[in-house]
Amino acid sequence: MHIVVCIKQVPDSAQIRVHPVTNTIMRQGVPTIINPYDLFALEAALKLRDLHGGKITVLTMGPPMAEESLRRALSFGADRAVLLTDRIFAGSDTLATSYALSEAIRKIGESFGPVDIVFTGKQTIDGDTAQVGPGIAKRLDLHQLTYVAAVQELDLKAGSIAVERRAEGGVQVLSTKLPCLITMLEGTNEIRRGSIEVALNAARAEIVTWSAAAAGIGNTAKCGLKGSPTVVKRVFAPKPRSEKAFQIDLSGLGPDAIAESAMAEIFKRLPSLEKELTQTLQG
Amino acid sequence: MTSKPAPQAAGGGRAGMRKELPEHFKAYKHVWVFVELERGAVHPVSWELMGEGRKLADKLGVQLAAIVLGGPGEAVRMAVSEAFAYGADLAYVAASPVLDGYRNESYTRCMTELVDTYKPEILLLGATTLGRDLAGSVATTLLTGLTADSTGLEVDADGSLAATRPTFGGSLLCTIYTLNFRPQMATVRPRVFSLPERQEGRGGPVIEHNFSLLEDDIVTKILQFIPDRESSKSNLAYADVVVAGGLGLGSAENYQHVRELANVLGAEWGGSRPLVQRGWIPADRQIGQTGKTIRPKLYIAAGISGAIQHRVGVEGADLILAINTDKNAPIFDFAHLGIVTDAVRLLPALAKAFRQRISPSTHTRMAM
């Protein structure tokens, strides 16, 4: 069995700061992490390998420094890491990104053996689109399983898989054929700690590094800015409301008195709410 | 999954930046809203989008169409008549056994057939698990642009769709265009837009699409659907009162004060993204752009600083009360009422005050 796990190196969003005057992102000193959603995908892949054997290739597209994230993924137990890096990918939107990654996955299949399952996280914490997974599935004609909470059954002989998929208002149990693409739901597992030995190997491992050409991407018009149908025209901070919040007077008051005046202010501004709350609670 | 680059950095090179819409896209007209019909019910986000689609269609002077896919039977017909009541001018309908229950293969195929046949200029879908699963596949098949989780939709002077969404992990907003490809696609989260007024007695043409895909042609099978237990469901998006906590609470234990106040108010409880990341609350309780967007009458935010991604998820609330020890916290820029104090001390006091005022009977029982 051969699994590809797509990961992305992202800025740790908790520490992103926006310059108050220029509205630009201040990147200096912001640490990068593996997109947290991707760790659920990686652990799901590792669990399948525990049960069925095989190899896991982690793939990322990004600047050369994204190698750090790949080494980290290797330290959790992935077998092989591929870095797709080329200036022509700069400015890719989700359509161009899914093109580049799908071509790299094709090449991984040719170089290291046919791919049975591609895993991705549900979305990234910086882009938050959840579009690249479906994009890869469509381009490679993989059966698409998004928001997967659990893999119920994998039958490599029959080439079939059954999963639980989070849907609106319930869980769909779906069965399909391999190869497939799974986007893994958050909170569905916890990434393991690799052993010391695995971590040491990860530090020394060779990272397979491909330019667009090396990954067999011939059509550069589909990459980066050129291959992106969407255009970002404006980046801005939202305007503050014209008036700031009305501050409840605290002078010398204890919590109970403050709570009373806050409640009075709420009911003054939402006169119907008190009645509705009373009815709801008594009905 | 990509983060957007700086705007207009390399104007001429970008595919989307050419001035003139290619000839073959000029036939693309009208605004479409995908009506999400599952197990006999339409997700309310579809009607919220219908309201917004109505405004776009009116500005463009074009028609608003509802796209309704589903199994054979009453549900599709009911959904179509509801779509008219919420503002659609016409409806495209495909009813087939292979569309009974959402599957990516059949829905993607049917949607792309409809787009290729009838050529809309704008296609809007709800950013639900279904809508996001479908939109990504449809956009990739059509090789067009898709803006996820838009929080604002406008039509520019030249008629192009301007979709605004938070970017960089929700720290800024950006406006995205798909200038030279059609349709221009966008998804919108539930509750970002309010529900439009129903208008009884509206109707319009219904165009039936003959969808010929057969069950044998579809590889993926639905083995089972397990509905969520009522008690485990969070109804954050549609709740009238919501109480939420943030890192200002200081510890996971202190989160109980949020639950307690919510309980007194008969409210839903939730929290900011960092609480989910720390495991203090489950992911479906996350409030903000990347969690649930809410439009309650009253929203009480305790110890939440108010990052942009949180702000865009709660701005639809009628009244926001923010409690934070930092008087400079950004939440006071968009809250209506502010209290600069420690939420851990104030929340129990609020719970007590509300309990005495609105549910004296409960109070009496508890006293006994």
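Predicted model, so just to flag it, every value in this text is computed and none were measured.

Some thoughts on the layout of surface pockets
Alright, step 1. Roughly 1700 Å³ of volume is contained in the largest pocket.
Alright, step 2. Contributing to the lining of the largest pocket are 50 residues, with Arg166 and Glu168 of chain A together with Thr129, Asp284 and Lys292 of chain B lying nearest its centre.
Alright, step 3. Within the residue set of the lining of the largest pocket, elements represented by two or more residues are α1 (36-52) and β10 (160-167) of chain A together with β3 (41-42), α4 (129-142) and α6 (273-277) of chain B.
Alright, step 4. Here the lining of the largest pocket is composed, by residue class, of 19 nonpolar, 15 polar and 16 charged.

Points about α1 of chain A
Residue and element names in this part refer to chain A.
Alright, step 1. Taking 1.5 Å as the rise per residue, α1 with 17 residues should run 24 Å; its terminal C-alpha atoms sit 25 Å apart, in good agreement.
Alright, step 2. The complete set of buried residues in α1 reads Tyr37, Asp38, Phe40, Ala41, Leu42, Glu43, Ala44, Ala45, Leu46, Leu48 and Arg49.
Alright, step 3. In the stretch just after α1, Gly53 is the one whose phi turns positive, near 75°.

So, the packing of aromatic side chains
Residue and element names in this part refer to chain B.
Alright, step 1. Under the criterion given, the structure shown has 10 aromatic pairs over all chains.
Alright, step 2. Here Trp32 and Tyr92 contribute two aromatic rings whose centre-to-centre distance is 5.0 Å and whose plane-to-plane angle is 40°, an arrangement assigned as tilted. Taken together, the positions of Trp32 in strand β1 (residues 31-35) and Tyr92 in strand β5 (residues 90-95) put the pair 60 residues apart, joining distant regions of the chain. A single burial state applies to Trp32 and to Tyr92, both of which are buried.
Alright, step 3. Three or more aromatic residues joined by ring pairs make a cluster, and in this case those are Phe25, Tyr28 and Phe181.

A few points about the domain arrangement of chain B
Residues and elements named next belong to chain B.
Alright, step 1. Under the domain assignment used here, chain B contains domain 1 (25-217) and domain 2 (234-367).
Alright, step 2. Summing both partners gives a buried area of about 1200 Å² for domain 1 against domain 2, and 51% of it is carried by carbon and sulfur.
Alright, step 3. The largest per-residue losses of area from domain 1 upon contact with domain 2 belong to Gly170, Arg189 and Arg191, which jointly make up 47% of the total buried on that side.
Alright, step 4. Across the domain 1-domain 2 interface, the total number found is 0 salt bridges.

As for the sheet that holds strand β13 (residues 208-210) of chain A
Alright, step 1. Across the sheet, which stays open at both edges, the 10 strands sit in the order β13(A)-β7(A)-β6(A)-β1(A)-β8(A)-β12(A)-β9(A)-β10(A)-β11(A)-β13(B) with mixed pairing between neighbours. In the strand order of this sheet, the two ends are held by β13 of chain A together with β13 (221-227) of chain B, each with one partner. Ignoring which end each strand starts from, the neighbouring axes of this sheet average 30° apart.

Side note on the pattern of salt bridges
Two side chains carrying opposite charge are able to pair once their charged atoms lie near each other.
Alright, step 1. Under the defined criterion, the tally for this structure stands at 36 salt bridges over all chains.
Alright, step 2. Between Asp89 of chain B and Arg202 of chain B there is a salt bridge, with the nearest N and O atoms lying 3.5 Å from each other. One end of the pair, Asp89 of chain B, is in the loop between α2 (74-85) and β5; the other, Arg202 of chain B, is in the loop between β11 (184-188) and β12 (206-208), with 113 residues separating them in the sequence.
Alright, step 3. On the basis of relative accessible area, Arg202 of chain B is assigned to the partly exposed category, the value being 28%.
Alright, step 4. Between Glu215 of chain B and Arg103 of chain B there is a salt bridge, with its nearest N and O atoms 2.9 Å apart. Of this pair, Glu215 of chain B sits in the loop between β12 and β13 while Arg103 of chain B sits in the loop between β5 and α3 (104-118); the two residues are 112 residues apart in sequence, bridging distant segments of the chain.
Alright, step 5. Salt bridges here are not isolated pairs; linked through shared partners, they connect Glu43, Lys47, Asp50 and Arg192 of chain A.

Examining the packing of helix α2 (residues 67-76) of chain A against helix α5 (residues 196-204) of chain A
All names here are of chain A.
Alright, step 1. Interaxial distance between α2 and α5 falls to 7 Å at its minimum, and their mutual angle equals 150°. When the axis of α2 is compared with that of α5, the two are roughly antiparallel. α5 is crossed by α2, and the crossing has right-handed handedness. Contacts from Arg71, Leu74 and Ser75 in α2 reach Val198, Ala199, Ala202, Ala203 and Arg204 in α5.

So, the sheet that holds β11 of chain B
Residues and elements named next belong to chain B.
Alright, step 1. The strand order across the open sheet formed by 7 strands is β7-β11-β6-β1-β4-β5-β12, and the pairing between neighbours is parallel. Looking along the sheet, the strands with just one partner apiece sit at the ends: β7 (146-150) and β12. Here the average twist between neighbouring strands, direction ignored, is 20°.
Alright, step 2. With 3 bridges joining them, β5 and β12 adopt parallel strand pairing. Counterpart to Tyr92 in the pairing with β12 is Ile207.
Alright, step 3. The strands touched by helix α1 (residues 44-60) within the sheet are β1, β4 (64-70), β6 (122-126) and β11, with β1 carrying the most contacts at an inclination of about 175°.
Alright, step 4. Contacts from α2 reach β1, β4, β5 and β12, with the element oriented near 165° to β4.

The rules behind each value
Residues numbered from 1 in each chain as written. Chains lettered and ligands numbered in written order. Predicted model: local features only at pLDDT ≥ 70, side-chain atom pairs only at ≥ 80, totals over all residues. Heavy atoms only, no water. 1 Å grid on protein atoms, 1.4 Å probe; cavity = no way out; pocket = protein on both sides within 12 Å on 5 of 7 lines; lining within 4 Å. Points joined across faces, edges and corners; volume = space filled by probe spheres on them. Helix = DSSP H or I, 4+ residues; strand = E, 2+ residues; numbered from the N terminus. Nonpolar A, V, L, I, M, F, W, Y, C, P; charged D, E, K, R; others polar. Expected span 1.5 Å × (residues − 1). Buried < 20%, exposed > 50% of the residue type's maximum accessible area, 1.4 Å probe, protein only. Phe/Tyr/Trp six-rings, centres within 6.5 Å; stacked < 30°, edge-to-face > 60°. Domains from an automatic or database assignment. Buried area = accessible area lost by both parts, 1.4 Å probe. Salt bridge = Lys/Arg side-chain N within 4 Å of Asp/Glu carboxyl O. Pairing = 2+ DSSP bridges. Axes fitted to C-alpha atoms, helices over the stretch in contact; angles between N-to-C directions. Parallel < 35°, antiparallel > 145°, perpendicular 65-115°, else oblique. Left-handed = near helix turned anticlockwise from the far one by under 90°. Contact = heavy atoms within 4.5 Å.

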